[in-house]
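If you want the building blocks of each chain, they are given just below.
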2 protein chains.
Amino acid sequence: MKISIVGLGLIGGSFARDLKSQIGVTVYGVENHEFHRQQAIELGLVANIITLEDAIEISDVIILAVPVDILEYLIPQILDKIQNNQLVIDLGSTKELICSSVETHPNRGRFIAAHPLAGTEFSGPTAALRGLFMGKKNLICESEKTDNDALQTALVIFESLGLESIFMSASEHDKHLAYVSHLSHVSSFMLGMTVLEIEKDEKQILNLASTGFASTVRLAKSNPKTWSAIFDKNNKHLSRALDEYILWLQRFKEAIESGDKNAAESMMIKANEIKKVLP
Amino acid sequence: MKISIVGLGLIGGSFARDLKSQIGVTVYGVENHEFHRQQAIELGLVANIITLEDAIEISDVIILAVPVDILEYLIPQILDKIQNNQLVIDLGSTKELICSSVETHPNRGRFIAAHPLAGTEFSGPTAALRGLFMGKKNLICESEKTDNDALQTALVIFESLGLESIFMSASEHDKHLAYVSHLSHVSSFMLGMTVLEIEKDEKQILNLASTGFASTVRLAKSNPKTWSAIFDKNNKHLSRALDEYILWLQRFKEAIESGDKNAAESMMIKANEIKKVLP
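Predicted model, so just to flag it, every value in this text is computed and none were measured. Residues take numbers from 1 onward in each chain, read along the sequence in its written order. Following the order in which they are written, the chains are lettered starting with A and the ligands numbered starting with 1. The predicted origin of the model limits local features to residues at a pLDDT of at least 70 and limits the giving and counting of side-chain atom pairs to 80 or more, whereas totals for whole chains, interfaces and linings rest on all residues.

Regarding the nonpolar core
In terms of nonpolar packing, the biggest core is built from 185 residues, with A:Ile63, A:Leu64, B:Ile63 and B:Leu64 touching the most fellow members. C-beta atoms are first placed from the backbone for all residues, and any pair lying within 7 Å is then listed as a contact. With sequence-adjacent residues up to four places away left out, A:Ile63 is seen in contact with A:Ile3, A:Ile5, A:Val6, A:Phe15, A:Ile89 and A:Leu91. By convention the nonpolar core is taken to be a set of buried residues drawn from Ala, Val, Leu, Ile, Met, Phe, Trp, Tyr and Cys and joined through C-beta atoms within 7 Å. Here the C-beta atoms are placed from the backbone, and a residue counts as buried if at least 20 other C-beta atoms lie within 10 Å of its own, exposed if 12 or fewer do, and partly exposed otherwise.

Below, the structure written as structure tokens:
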């Protein structure tokens, strides 16, 4: 099977690492950034770097791992050119706008809208990890609009990486992810901002930072370009999630300010229930 | 050396584990909660469980690892009864009110106000870990008010656990910790609340939670009693930190809502600087 991966960053590069190790699979890379292209070659992530046109020409499967603002334009252009035995998989972190951009496309059946829930705070080809997806969940949206043969092939690919696929609508996806992923990123980015603003002396932060702070602020190291595109494409749901988060923070602040330890404690007891969900 | 540890939870229990392994050290425990007492005995954390009165009678060093709201009342009571060759170390996470509660005490010189920056989201004697403090920082406040011999003994104890001591005023301590530790905890607790409120279906959270969410929400599993006391004792600084955090979240939300990707991105680029501090 010939697979081309467009975008060899953290996610695309990790797909490349896992796929190229499989018998009978040849992985090609499409990468526009000169520096990333060099890194991908040096790291041996793919058999060859080729153009998007060549990838469309020769691949059985085209996997897209570029920022979500690019996907919206790129997917219809690729679908325009593919044959009925090829398939296109996108791995973007938002799904509503992407799915509507191809909703009425004549080749919609050859497209799989997926989102593997895995990653780190690092980015670029050097961040690519073997086994990143092992045991992780993969969300597939609007699979009823994908041809059965294309879906089956995509599922085999996901399974070969250790991903367990779960099916949902694109709007469900974007709403859930606003809370369970995008909000965490904003909370972490802004925690980093707040602390950097007040603690101008970086040495002091280093002295005082415990493992608790390090884990809460870890996502503030994530790639701004990747995440500004995600936040922008999911701004309605994320804005609602932020409203609710800010409201809880304000309630908690009022409880502390008024010395109402019971109110603060009962909110924390409730929050403790996250233990049941994430043991 | 005879050391008594009052409170055998995560911090006190971890001190016990590391100290009792040292040649010539006998560790006694004082623990009011029946269930924790049983657990501490079963785990062999201490040589013996004794009363506070006996601990004051027989110990060279008394280490206090109970919630900060109790420390304020307990420390003066213990200082009332100790001899001039004994010392009392507290390990609480806030320092201003504790230090003022003993400021004019005739035995102030026998007291060391310390805060080892280590912990996990777990609590109680079963959370106690060998080596928890290895390579971590320990903040000591108002050390100029401690007798030199008492300070030297305390430093030897901290060093034996792998702690590096740093000296600062109690008010500096509380201000910095509001940002670098207490704010992280509130941000995590309220992130847990927000997500639990919207995602009533716990199975769905489990399906959708990535490692990013897990790390950001980890501190929401922390002990509500311990933390409500800390937040209450540091409410002025924490309230200020929360104001600033909420303000940044609101600014970020406005950037997203108005589609101002540049503004959102430049805040994230700034937040990325946390990489330099916590590589």
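Some thoughts on the sheet that holds strand E4 (residues 61–64) of chain A
All names here are of chain A. Judged by pairing direction, the sheet is mixed, and its 8 strands sit side by side in the order E3-E2-E1-E4-E5-E6-E7-E8 without closing on themselves. Whereas interior strands pair on both sides, the edge strands pair on one side only; in this sheet they are strand E3 (48–49) and strand E8 (164–168). For two strands to count as paired, DSSP must find a minimum of two bridges between them. Helical segments are the DSSP runs of H or I of at least four residues, strand segments are the runs of E of at least two, and each set is numbered from the N terminus. As defined by bridge partners, strand E2 (residues 26–30) adjoins E3 across 2 bridges and the pair is classed as parallel. By the bridge assignment for E3, Gly-29 is matched with Ile-49. Along the sheet, helix H7 (residues 170–198) makes contact with strand E6 (111–116), strand E7 (137–141) and E8, crossing E7 at roughly 140 degrees. The axes used here are C-alpha line fits, helices contributing only the stretch in contact, and every angle between their N-to-C directions lies in the interval 0 to 180 degrees.

Digging into the relation of the copies chain A and chain B
Both copies of the chain are related by a screw-like operation: a rotation about an axis and a shift along it. When chain A is fitted onto chain B, the two copies agree to an RMSD of 0.1 Å after a turn of 180 degrees and an axial shift of 0.0 Å. Look at the turn and shift together and you get a two-fold axis relating the two. No C-alpha of chain A approaches the rotation axis more nearly than that of A:Thr216, which lies at 2.2 Å. When the interface residues of chain A are mapped onto chain B, 100% of them are again interface residues, pointing to one common binding face. What sets the superposition is a least-squares fit of C-alpha atoms, and only residues with pLDDT of at least 70 in both copies go into it.

Overview of the packing of helix H12 (residues 261–271) of chain A against helix H10 (residues 224–233) of chain B
Their axes nearest at 9 Å, the elements H12(A) and H10(B) cross at an angle of 140 degrees. One finds that H12(A) runs oblique with respect to H10(B). Judged by the twist between their axes, the crossing of H12(A) over H10(B) is right-handed. Side by side, H12(A) and H10(B) meet where A:Lys261, A:Ala264, A:Glu265, A:Met268 and A:Ile269 of the first sit next to B:Pro224, B:Lys225, B:Trp227, B:Ser228, B:Phe231 and B:Asp232 of the second. Per-class residue counts for the contact of H12(A) with H10(B) are 6 nonpolar, 1 polar and 4 charged. Any angle between 65 and 115 degrees counts as roughly perpendicular, while under 35 counts as roughly parallel, over 145 as roughly antiparallel, and the rest as oblique. Crossing chirality is assigned from the near helix's rotation relative to the far helix, an anticlockwise turn below a right angle marking it left-handed and a clockwise turn marking it right-handed. For this classification, Asp, Glu, Lys and Arg are treated as charged, while Ala, Val, Leu, Ile, Met, Phe, Trp, Tyr, Cys and Pro are nonpolar and the rest, including Gly, are polar.

Some details on the interface of chain A and chain B
With 82 residues of chain A at the interface, the matching set in chain B holds 82 residues. Ranked by the residues each element gives to the side of chain A that touches chain B, the list is headed by H7(A), at 21 residues. When grouped by side-chain class, the residues that make up the side of chain A that touches chain B number 44 nonpolar, 21 polar and 17 charged.

Some details on the environment of B:Lys20
Looking at the element boundaries, B:Lys20 is found in helix H1 (residues 10–20). C-alpha separation for the pair B:Lys20 and B:Ser143, spaced 123 residues apart in sequence, amounts to 26 Å.

Let's talk about the sheet that holds strand E4 (residues 61–64) of chain B
All names here are of chain B. Read across the sheet, 8 strands follow the order E3-E2-E1-E4-E5-E6-E7-E8 without closing on themselves; strand pairing throughout is mixed. Looking along the sheet, the strands with just one partner apiece sit at the ends: strand E3 (48–49) and strand E8 (164–168). In this structure, strand E1 (residues 2–6) lies alongside E4, joined through 4 bridges in parallel fashion. Paired with Val-6 across the two strands is Leu-64, which belongs to E4. Each of E4, strand E5 (87–90), strand E6 (111–116), strand E7 (137–141) and E8 is contacted by helix H6 (residues 148–160), which is oriented at about 50 degrees to E5, the strand it contacts most.

Some remarks on the domain arrangement of chain A
Residues and elements named next belong to chain A. Looking at chain A, the domain boundaries give domain 1 (2–168) and domain 2 (173–277). Residue ranges assigned to the domains are those given by an automatic or database domain assignment. Just the C-alpha atoms count here: the centres of domain 1 and domain 2 sit 30 Å apart. Between domain 1 and domain 2, the residue contacts involve 14 residues of the former and 15 residues of the latter. Secondary-structure elements contributing two or more residues to the side of domain 1 that touches domain 2 are helix H4 (68–81), helix H5 (96–101) and E7. Class assignment for the residues of the side of domain 1 that touches domain 2 results in 6 nonpolar, 4 polar and 4 charged.

Regarding the pairing of E8(B)
Along a regular strand, successive side chains alternate from one face of the sheet to the other. Residues and elements named next belong to chain B. Pairing between E7 and E8: 5 bridges, direction parallel. Directly across from Cys-141, in E8, lies its bridge partner Met-168. By convention, orient the strands away from the viewer: a clockwise path from the first strand over the helix to the second makes the crossover right-handed. Between the parallel elements E7 and E8, the chain passes through H6 in a crossover that is right-handed.

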